Structure formats: C-alpha cells, structure tokens
Amino acid sequence: MSDNKKLTSNLKKVIKNVQESVALANYKRRANRIIPVLTDTIENLEYVLITFALIISYHNKMGYTALAKIIGNNIIYYYYKNVVMSKSKKDNIE
C-alpha cells in the first residue's frame, strides 16, 4: 500500500513539472510574438542575477508589487545603460 502512495506522489510531481514546463514554453512563444526585441535579452544571466539579488535584499521589507516595480526599474535601467547607450556611442563614433 505504501508503494502505491509513493508511486502516486511521484507521478503527481512529474505531472506538475510537465505542466510547468508546458506553461513556460507557451509563455515564451507568446512573449516572442508580443515583444520580439526583448526576447533575446530577457534570458540574459545578468537579468537573473539582478532579480535574485533584489529579491534577496528586499523580500522582507516590502510587498510583491513594490518589489516587482523595483526589479523592473533596475532591469530597464541596466538595459538602457548597457544596450541603448552602447549603441548610441557606436553610432556617434561612425
């Protein structure tokens, strides 16, 4: 009987992981259609590190909405500083 419970719980975990993977794949396809410019950079490791550092720093101090706003502002600033400004510098040199 305990083997059946273990098998059932393992099967539930596998199904949940598959559902999450499918949902992420659907989200990625939808994001590629909506904002094709950012999809190349959104998977960048620097953005993940910025997000992780901010969540670790602020998760006790504020709510999810305020934290999401801070993360978004920091990622937009990082993108502007490193992508937009570097492109404008290259255009000015040429």
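Cut-off values and rules
Residues numbered from 1 in each chain as written. Predicted model: local features only at pLDDT ≥ 70, side-chain atom pairs only at ≥ 80, totals over all residues. Heavy atoms only, no water. Core = buried A, V, L, I, M, F, W, Y, C linked by side-chain atoms within 4.5 Å. Buried < 20%, exposed > 50% of the residue type's maximum accessible area, 1.4 Å probe, protein only. Helix = DSSP H or I, 4+ residues; strand = E, 2+ residues; numbered from the N terminus. Contact = heavy atoms within 4.5 Å. pLDDT = per-residue confidence, 0-100. Phe/Tyr/Trp six-rings, centres within 6.5 Å; stacked < 30°, edge-to-face > 60°. Patch = residues over 30% accessible without salt bridge, like charges linked within 9 Å, V, L, I, M, F, W, Y side chains within 5 Å. Areas by Shrake-Rupley, 256 points an atom, 1.4 Å probe, with all protein chains shown as cover. Salt bridge = Lys/Arg side-chain N within 4 Å of Asp/Glu carboxyl O.

Undergrad: With reference to specific residues and values, describe the nonpolar core.
TA: Y47, I50, L54, L67, I71 and Y79 form the largest nonpolar core, which has six residues in total. At the level of secondary structure, the elements contributing two or more residues to this core comprise α3 (45–58) and α4 (64–93). Ignoring sequence-local partners within four residues, the contact set of L67 consists of L54, I55, Y58, H59 and M62.

Undergrad: With reference to specific residues and values, describe the confidence of the model for the chain.
TA: Here the chain averages 78 in pLDDT, while 81% of its residues score no lower than 70. The element-level mean pLDDT for the chain is lowest in helix α2 (residues 39–42), coming to 59, with α3 highest at 85.

Undergrad: Describe the packing of aromatic side chains, and please don't skip the residues or the numbers.
TA: According to the stated counting rule, one finds one aromatic pair in the structure shown. Geometrically, the ring pair formed by Y47 and Y78 is edge-to-face, given 5.7 Å between the ring centres and 85° between the ring planes. Placement of the pair is Y47 in helix α3 and Y78 in helix α4, with a sequence separation of 31 residues. Judged by relative accessible area, Y47 falls into the buried class, the value being 7%. A relative accessible area of 22% means that Y78 is categorised as partly exposed.

Undergrad: I'd like to hear about a nonpolar patch on the surface, residue by residue, with values.
TA: A cluster of nonpolar side chains, namely V14, V18 and V22, defines an oily patch on the protein surface of about 240 Å² accessible area. On the secondary structure map, V14 appears in helix α1 (residues 2–34).

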